[in-house]
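An overview of the molecular structure
Each chain, written out:
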Amino acid sequence: LVICAAGIVATVRWGRDRLNNYLVGAHGGATVGRTLALLPQAFRVYHGVPTGLASDLDHAVCGPSGLWVIETTSRRGLVSVRGQEILVDGEPMPFSPVGKVRRAAEELREALRQRAGVAPDIQSVVCFADGRLSPDPAAVEGVALTTPETLCALLTAPGSPPNEGVLTRSAAALDLMLSGERR
């Protein structure tokens with residue numbers, strides 16, 4: 001009976017922790033979604049985009065500055081960079097979102113190649129929805145790190161203009177892939 005009770009307690013704690021992680025992640029995704037809604041009309045914003053491969057993309061943005069994939073993380077605390085390592089409150093993150101967003105960009109590129117015959121350059125971003133980043137923005141391994149406060153400025157910063165035809169076909173393919181909300 002004691003072993004059974006211990007098993008029940010462990011299962012309840014595990015379920016509670018998983019639910020809490022889900023709710024924190026959903027809050028971070030919603031925060032970034034509200035921020036992306038502030039982009040100029042020339043930008044198309046996609047949320048929860050299925051690529052048909054390993055996982056859904058948190059957010060994709062297609063606009064005059066190019067095609068972007070945004071991974072949201074809800075790490076709280078002071079986020080900084082030491083070399084190519086992301087630190088939270090001075091300690092290395094147990095799981096770096098850089099690899100995840102790079103894989104997401106590759107998955108999107110492959111999905112667009114299969115559906116629209118294009119393989120555009122895709123810029124990767126990790127947005128720390130609940131943390132403070134110093135400096136903001138920063139970069140690790142070619143991936144931009146930012147917070148909701150500077151995300152729109154990053155996405156709208158002038159750079160070399162992307163190929164308009166590739167962007168148009170990419171946006172059309174994203175429209176077809178979309179299972180979530182779009183503006």
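Computed from a predicted model, the values in this text were never measured in an experiment.

This part takes up the pairing of strand β2 (residues 56-63). For β2, the buried fraction is high: 6 of the 8 residues fall into the buried class. With 6 bridges joining them, strand β1 (residues 44-50) and β2 adopt antiparallel strand pairing. Bridge assignment links His-47 to a residue of β2, and that residue is His-59. Two strands pair when backbone bridges link them, and β2 and strand β3 (residues 66-73) are joined in this way by 5 bridges, in the antiparallel orientation. Bridging from a neighbouring strand, Gly-63 pairs with Gly-66 of β3. Linking β2 back to β3 in an antiparallel pair, the connection comprises 2 residues.

Here we take up the packing of helix α2 (residues 97-116) against helix α4 (residues 164-177). Contact pair α2 / α4: the axes reach a minimum separation of 10 Å and the direction vectors enclose 95 degrees. Considering the angle they form, α2 stands roughly perpendicular to α4. Contacts between α2 and α4 involve Leu-108, Ala-111, Leu-112, Arg-115 and Ala-116 on the former and, on the latter, Arg-169, Ser-170, Ala-173, Leu-174 and Met-177. Residue classes in the contact of α2 with α4 are distributed as 7 nonpolar, 1 polar and 2 charged.

Let us look at the pairing of strand β4 (residues 77-82). Each regular strand carries side chains that alternate between the two faces of the sheet. Of the pairings in the sheet, the one linking β4 to strand β8 (residues 131-134) comprises 4 bridges and is parallel in character. Of the residues in β8, the one forming a bridge with Gly-77 is Gly-131. In this sheet, strand β5 (residues 85-88) lies alongside β4 in antiparallel orientation, the contact comprising 4 bridges. Of the residues in β5, the one forming a bridge with Val-81 is Ile-86. Hairpin connection of β4 to β5: 2 residues between the antiparallel strands, including Gly-83 at a positive phi of 65 degrees.

Bringing the nonpolar core into the picture now. Grouped together as the largest cluster of nonpolar side chains are 32 residues, with contacts concentrated most on Leu-67, Val-69, Ile-86, Leu-108, Leu-112, Leu-145 and Leu-174. When residues of this core are assigned to their parent elements, the largest contribution, 7 residues, is made by α2. Residues in contact with Leu-174, not counting those within four places in the same chain, are Tyr-46, Val-49, Ala-60, Leu-67, Leu-108 and Leu-112. The next biggest cluster of nonpolar side chains, apart from the first, holds 16 residues, and it includes Val-61, Val-125, Ala-144 and Leu-155.

Turning our eyes to something else, we now look at the pattern of salt bridges. Per the stated rule, a full pass over the model turns up 5 salt bridges. Arg-109 is the salt-bridge partner of Glu-106, the closest N and O atoms lying 2.5 Å from each other. In this pair, Glu-106 and Arg-109 are both assigned in helix α2, 3 residues apart and thus about one turn of the helix distant.

Bringing the environment of Ile-122 into the picture now. Of note, Ile-122 is situated in strand β7 (residues 122-128). Classification of Ile-122 as buried rests on a relative accessible area of 11%. Note: C-alpha distance between Ile-122 and Cys-62 (60 residues apart in sequence) is 9.5 Å. In this structure, Ile-122 is in contact with Leu-67, Trp-68, Val-69, Ala-105, Leu-108 and Arg-109, ignoring residues within four places of it in sequence.

The amide bond that connects Ser-134 to the next residue, Pro-135, takes the cis arrangement and shows omega of -5 degrees. Along the chain, Pro-135 falls in the loop between β8 and β9 (138-140). Here the residue pair Asp-136 and Pro-137 is connected by a cis peptide bond, since its omega of 0 degrees sits within 30 degrees of zero. Tracing the backbone shows Pro-137 in the loop between β8 and β9. With a phi close to 50 degrees, Asp-89 is a non-glycine residue in the positive phi region. Along the polypeptide, Asp-89 turns up in the loop between β5 and β6 (91-92). The residue Glu-141 is not glycine, and still its phi comes out positive at about 50 degrees. Looking at the secondary structure, you find Glu-141 in the loop between β9 and β10 (143-146).

Cut-off values and rules
- Residues numbered from 1 in each chain as written.
- Predicted model: local features only at pLDDT ≥ 70, side-chain atom pairs only at ≥ 80, totals over all residues.
- Heavy atoms only, no water.
- Buried < 20%, exposed > 50% of the residue type's maximum accessible area, 1.4 Å probe, protein only.
- Helix = DSSP H or I, 4+ residues; strand = E, 2+ residues; numbered from the N terminus.
- Pairing = 2+ DSSP bridges.
- Axes fitted to C-alpha atoms, helices over the stretch in contact; angles between N-to-C directions.
- Parallel < 35°, antiparallel > 145°, perpendicular 65-115°, else oblique.
- Contact = heavy atoms within 4.5 Å.
- Nonpolar A, V, L, I, M, F, W, Y, C, P; charged D, E, K, R; others polar.
- Core = buried A, V, L, I, M, F, W, Y, C linked by side-chain atoms within 4.5 Å.
- Salt bridge = Lys/Arg side-chain N within 4 Å of Asp/Glu carboxyl O.

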